[in-house]
Amino acid sequence: MTTSPTLCISPSANRLTQDQLAQRLLNPGFGRVFTEHMVVIPYQDDAWQQGELKAYGPLSLDPSTSALHYGQAIFEGFKAFGQDDGSIKTFRPQANAERFNRSARRLAMPDLPVERFIEAADELIRMDRAWVPRNSGESLYLRPLMFATDAFLGVRPSLSYLFVLFASPAGAYFANGVHPVTVWISEDYVRAASGGTGEAKCAGNYAASLVAQAQAKEMGCEQVVWLDAAKREYIEEMGGMNLFFVSRENGKTIVATPELSGTLLPGITRLSVLQLAKDLGFEAVERKLSVTQWREEIADGRMTEVFACGTAAVITPVGHVKAKGFEMQINNGQNGEVTMALRDALLNIQHGKAPDRHGWMHSVC
Ligand SMILES: *Cc1c(COP(=O)(O)O)cnc(C)c1O
């Protein structure tokens, strides 16, 4: 672990003892506990400067910091997994780096070279490797972000930015095991419109979703299902996860997900599930699906399972759907067979219990 022209390594002066570390790792939940280090890389004078891997801690910001006002802020999320042989690997970090840059371009922010994104993650994980949980279903969640740092109130792209990467040990997302969620189809609010920022992982998209999420909660649901902005008819995604629909037609099992229309977030789990569905012998398709079709196919029994997928919660079955004027149950509110087979297939690759046929795992240490 040495300082390079791109990354200066300054370990924290106050390391936790083994006991303190064990205490923090006991029941990490999700996104509450952070490791001892972080990486920061400043962008100024039209270039990314040398970064620093240093003690995790608060950032100091000018009140006029432009991201706080006009929202030039993007993020990513991916995971590192402990393998049975003691090594640590990340899942598709290159895909996250590339999506980070697509988000950056949409918000008029500079690209970060993919190698620097991956170097930052690899060095942080090596430094904090004791924080990578070892139990199945657990992982170290990596959170990269970038925001505008100009201390200036004019509305224009900032000239300076900060890339930050930190890590958070993640327990099983659902404390009581995988269970189907109840979802609310949002008709009052939309997540993204054509030409907007739906494809970008930008902070503002989440801010705009919170009031819909609150409405879902009032209706007794855990998550929101987003519809297209123009017709409020086609299904887009669920909260911060992509949706899949499993149906049986002419003896075939079809695993379908809404096609990328320019408003959906192109999930890396979504892409992986499409591949795994083929690997397991299912037919994987990307297509439009309307709420009307969804109701019909559930009613006539063609559609047997629905699930959502994303990095944080992996794969989550959908058991109940509520909307203005109707309600329906899916698979008797139980975890579905195809859903769980896909979930196991993905987790087995991530934990090194199944061969990595598609070269998705990146060796860190
Ligand atoms: C991050 C995200 C997803 C899932 O993407 P993954 O790469 O699979 O984690 C889906 N929808 C939204 C809105 C997201 O922000």
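Everything numeric in this text was worked out from a predicted model, so none of it was measured. (Residues numbered from 1 in each chain as written. Predicted model: local features only at pLDDT ≥ 70, side-chain atom pairs only at ≥ 80, totals over all residues. Heavy atoms only, no water.)

A. Geometry of the packing of helix H6 (residues 268-279) against helix H8 (residues 337-350). Relative to each other, H6 and H8 sit at 110°, their axes nearing to 10 Å. Between H6 and H8, the angle falls in the class roughly perpendicular. Where H6 approaches H8, its residues Thr269, Ser272, Val273, Leu276 and Ala277 are matched on the opposing element by Leu342, Ala345, Leu346 and Ile349. Of the residues belonging to the contact of H6 with H8, the class tally is 7 nonpolar, 2 polar and no charged. (Axes fitted to C-alpha atoms, helices over the stretch in contact; angles between N-to-C directions. Helix = DSSP H or I, 4+ residues; strand = E, 2+ residues; numbered from the N terminus. Parallel < 35°, antiparallel > 145°, perpendicular 65-115°, else oblique. Contact = heavy atoms within 4.5 Å. Nonpolar A, V, L, I, M, F, W, Y, C, P; charged D, E, K, R; others polar.)

B. Fine view of the domain arrangement of the protein. Here the protein is partitioned into domain 1 (2-170) and domain 2 (181-350). Of note, the centres of domain 1 and domain 2, computed from C-alpha atoms alone, are 28 Å apart. At the interface, 20 residues of domain 1 touch 19 residues of domain 2. Together domain 1 and domain 2 conceal approximately 1,700 Å² of surface at their shared face, both sides included; 63% is due to carbon and sulfur atoms. Contact with domain 2 buries area across many residues of domain 1, yet Phe75, Phe91 and Arg99 alone supply 34% of it, more than any other trio. If you look at where domain 1 meets domain 2, you find 0 salt bridges. Between domain 1 and domain 2 we count 10 residue pairs in polar contact (both at pLDDT 80 or more) in total. Those elements that provide at least two residues to the side of domain 1 that touches domain 2 are strand S5 (73-75), strand S6 (78-82) and helix H3 (93-106). A total of 6 residues in the side of domain 1 that touches domain 2 trace back to one element, the largest contributor, which is H3. For the side of domain 1 that touches domain 2, a count of residues per class yields 10 nonpolar, 4 polar and 6 charged. (Domains from an automatic or database assignment. Buried area = accessible area lost by both parts, 1.4 Å probe. Salt bridge = Lys/Arg side-chain N within 4 Å of Asp/Glu carboxyl O. Polar contact = N/O pair within 3.5 Å; in protein donor to acceptor, adjacent residues only side chain to side chain.)

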